[in-house]
Amino acid sequence: MERRKALKTAAVAALALGGTALLADNHGGKDHGIASKEGMNRVKMTPADPKNPTDYELKHMPEIKLGKTDGKGFTSVKITVGKNGIIHPSTADHWIDYIELWADNRLVGKNELQPVISRGYTTFKINTAGVKKLTAVAGCNLHGIWEDSITL
Ligand SMILES: [Fe+2]
């Protein structure tokens with residue numbers, strides 16, 4: 001059996017067992033991980049003491065930073081998963097798989113991320129006119145869904 005077919009067969013078997021599967025494929029000599037949605041931890045998490053989060057909690061909380069506003073009125077919103085410089089890892093079995101940005105109660109952006117090659121970071125440009133609160137939501141495949149907000 002050729003390598004590619006063998007990897008896909010193994011991934012399907014892992015999914016059938018309820019596990020997380022990574023398909024390693026070779027494109028031009030570089031490996032790319034393709035994450036499945038199966039087996040992800042989708043439990044909503046909050047810090048036990050929001051005023052004094054632990055390093056583990058800080059590592060999963062998305063940090064929102066506003067950048068410049070362009071000539072059309074769109075402001076750069078940078079989101080990094082990990083606060084106070086404690087950056088969440090991106091390894092084959094532990095990574096941030098998505099980041100969302102909410103303006104008040106409206107989903108205005110979502111970025112899906114891949115293990116190893118991407119880390120928990122994204123940027124959106126949004127028009128913040130009339131927006132009172134921005135909330136970033138991030139999913140860790142192992143440790144659930146975390147969020148944090150800033151008031152404008
Ligand atoms: Fe994690």
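Before reading further, recall that the structure is shown in the block above.
In this numbering scheme, every chain counts its residues from 1 along its sequence in written order. Per-residue local features of the predicted model are confined to residues with pLDDT of at least 70, and side-chain atom pairs are confined, for both listing and counting, to 80 or more; whole-chain, interface and lining totals are unaffected and use all residues. Side-chain figures throughout are based on the complete set of non-hydrogen atoms in the structure, without hydrogens or water.

Asks: Is there a simple way to think about the nonpolar core in this case?
Replies: A general tendency of soluble globular proteins is for nonpolar side chains to be buried together. Grouped together as the largest cluster of nonpolar side chains are 16 residues, with contacts concentrated most on V77, I79, I96, I99, L101 and L134. Once residues lying within four places of it in the same chain are set aside, the contact partners of I96 are V81, H88, P89, L113, G120, A138, G139 and C140. In this text, buried Ala, Val, Leu, Ile, Met, Phe, Trp, Tyr and Cys residues form a nonpolar core when linked through side-chain atoms within 4.5 Å. Think of it in three bands: residues with accessible area under 20% of the maximum for their type are buried, residues over 50% are exposed, and the middle band is partly exposed, with areas taken using a 1.4 Å probe on protein chains only. Contacts were defined at the residue level, with two residues in contact if any of their heavy atoms lie within 4.5 Å.

Asks: What's the story with the environment of I99 in this structure? I'm lost.
Replies: Starting at the N terminus, helices and strands are each numbered in turn, a helix being any DSSP run of H or I of at least four residues and a strand any DSSP run of E of at least two. On the secondary structure map, I99 appears in strand β5 (residues 96-103). Residues I99 and L113, spaced 14 residues apart in sequence, show a C-alpha to C-alpha distance of 7.9 Å. Not counting the four nearest positions on each side in its chain, I99 is found in contact with I79, V81, G109, K110, N111, L113, G120, Y121, T122, F124, V137 and A138.

Asks: Would you take a moment to explain the coordination of the iron ion for this structure?
Replies: Around a metal, the ideal angle is 109.5 degrees if four donors adopt a tetrahedral arrangement and 90 or 180 degrees if six donors adopt an octahedral arrangement. Only nitrogen, oxygen and sulfur atoms count as donors, using a 2.8 Å cut-off from the metal that widens to 3.2 Å for Na, K and Ca. Water is left out, so coordination shells may look unfilled. The iron ion binds to the protein through H60 (NE2), H88 (NE2), H94 (NE2), C140 (SG) and H143 (ND1); the donor distances cover 2.1 to 2.3 Å. Between consecutive donor residues of the iron ion, the sequence gaps follow H-x27-H-x5-H-x45-C-x2-H. Of this pair, H60 sits in helix α2 (residues 55-60) while H88 sits in the loop between β4 (75-81) and β5, and the two are 28 residues apart along the sequence. Judged on exposure class, the residue H60 and its partner H88 are both buried.

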